[in-house]
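Single-letter residue listing:
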Amino acid sequence: MNKLSEIPEKIPFKVPDNYFEEVNRKIISATSGFDEQVRKVSFYNKFRTSLLIAASVAGIILISYTAIKLLIPDNKKSQVSEVLSEINPDSFINDIDISSLEEESSAFIPAEAGPDVSKKDIIDYLLFENIELNDIYEQL
Amino acid sequence: MKLSNNNSDDNISDLIKTDLNKGFRLLVEKYSQKLYWHIRRLVILHEDADDALQNTFINVWKSIGNFRSESSLYTWLYTIATNEALTLINKRKRNASVSIDELESYFASSREGSTWFDGDEALFKLHNAILTLPEKQRIVFNLKYFDEMTYDEMSKILKTSEGALKASYHHAVKKIERILTDD
């Protein structure tokens, strides 16, 4: 045999049983999954900056709201809403009772650790301020 | 090679534009076997052909939006499949894990074990002779002899002139016939 034309044109390779049904299914399912994945990733990439800005704005609003809730007494909240309705930041600041604000806030602000002083130091300081010794002992 | 029913390339191209998933499914069903055999003749091993075929369709899916309907779907698919097969062959060469000699011995043992080879003595000799061809000649011979592709279609896939392809096929046939005669 020396002529190609004498050889039957037949595919001589074998494939596993049901290979083509399986591979078609695999390809379809892989590309469907890929499509979903690409769409999800594309959506995130496309709106990433906007999402970050929106999250930052939401965070600032939440912190501001929480601070107002905690720091401003109830009787002043009405004033705040009035002020907000007027949209006048200057009057808003002037109407707040700063002293009451400090009282309220002191409960939430941890006291700063003071210098390490002994009783003797305190007594010496009070004597220096011309306070009667009896008064001092009464306070102790 | 060209079909003129509702599964024709034109209908598939049109369907892809209106219903991508359905069009792609038809494309896979129509071409998976043809492309598999084309790839398998080049890479020989079933596992390699399987990988290359799946990569081919994944690449088709990724770039289907760029496909221009004025070009032939058939040649576009064969171009991607051929590139996938060549990429795999080059990877094998770089890794040097499977040489052509090893492929020949695999081919012989597969045929003896009848696991993957289903042909007579003449077919076995033919495929051993094809394996001795240089890579480009092997592709040209396979596309012309088995896939009955025209030189015009081949030149679009391989980006080579029709004259060069004709010469390549002529040399391939001569070499194969010489090997068959010597045997």
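A brief structural summary. Fair warning: this is a prediction, and the values are worked out from it, not measured in the lab.

Brief notes about the packing of helix α8 (residues 151–158) of chain B against helix α9 (residues 162–182) of chain B
Residue and element names in this part refer to chain B. The N-to-C vectors of α8 and α9 enclose an angle of 105°; their axes lie 9 Å apart at closest approach. One way to sum up the angle between α8 and α9 is to call them roughly perpendicular. Counted together, Tyr 151, Asp 152, Met 154, Ser 155 and Leu 158 of α8 and Glu 162, Leu 165, Lys 166 and Tyr 169 of α9 form the full contact between these two elements.

With respect to empty space enclosed by the protein
Residue and element names in this part refer to chain B. For the structure shown, the criterion picks out one cavity of 30 Å³ or more. Estimates place the volume of the largest cavity at around 40 Å³. Forming the boundary of the largest cavity are Arg 41, Ile 44, His 127, Ile 130, Leu 131, Arg 138, Asn 142 and Phe 146. Secondary-structure elements contributing two or more residues to the lining of the largest cavity are α6 (121–131) and α7 (135–145). Sorting elements by how many residues they give to the lining of the largest cavity places α6 first, with three residues. Residues belonging to the lining of the largest cavity are distributed by class as follows: four nonpolar, two polar and two charged.

Some remarks on the packing of α6(B) against α7(B)
All names here are of chain B. For the pair α6 and α7, interaxial distance at closest approach is 9 Å and the crossing angle is 140°. One finds that α6 runs oblique with respect to α7. The segment α6 lies against α7, with Leu 126, Ile 130 and Leu 131 engaging Arg 138, Phe 141, Asn 142 and Tyr 145. Looking at side-chain class alone, the contact of α6 with α7 contains five nonpolar, one polar and one charged residues.

Cut-off values and rules
- Residues numbered from 1 in each chain as written.
- Chains lettered and ligands numbered in written order.
- Predicted model: local features only at pLDDT ≥ 70, side-chain atom pairs only at ≥ 80, totals over all residues.
- Heavy atoms only, no water.
- Axes fitted to C-alpha atoms, helices over the stretch in contact; angles between N-to-C directions.
- Helix = DSSP H or I, 4+ residues; strand = E, 2+ residues; numbered from the N terminus.
- Parallel < 35°, antiparallel > 145°, perpendicular 65-115°, else oblique.
- Contact = heavy atoms within 4.5 Å.
- 1 Å grid on protein atoms, 1.4 Å probe; cavity = no way out; pocket = protein on both sides within 12 Å on 5 of 7 lines; lining within 4 Å.
- Points joined across faces, edges and corners; volume = space filled by probe spheres on them.
- Nonpolar A, V, L, I, M, F, W, Y, C, P; charged D, E, K, R; others polar.

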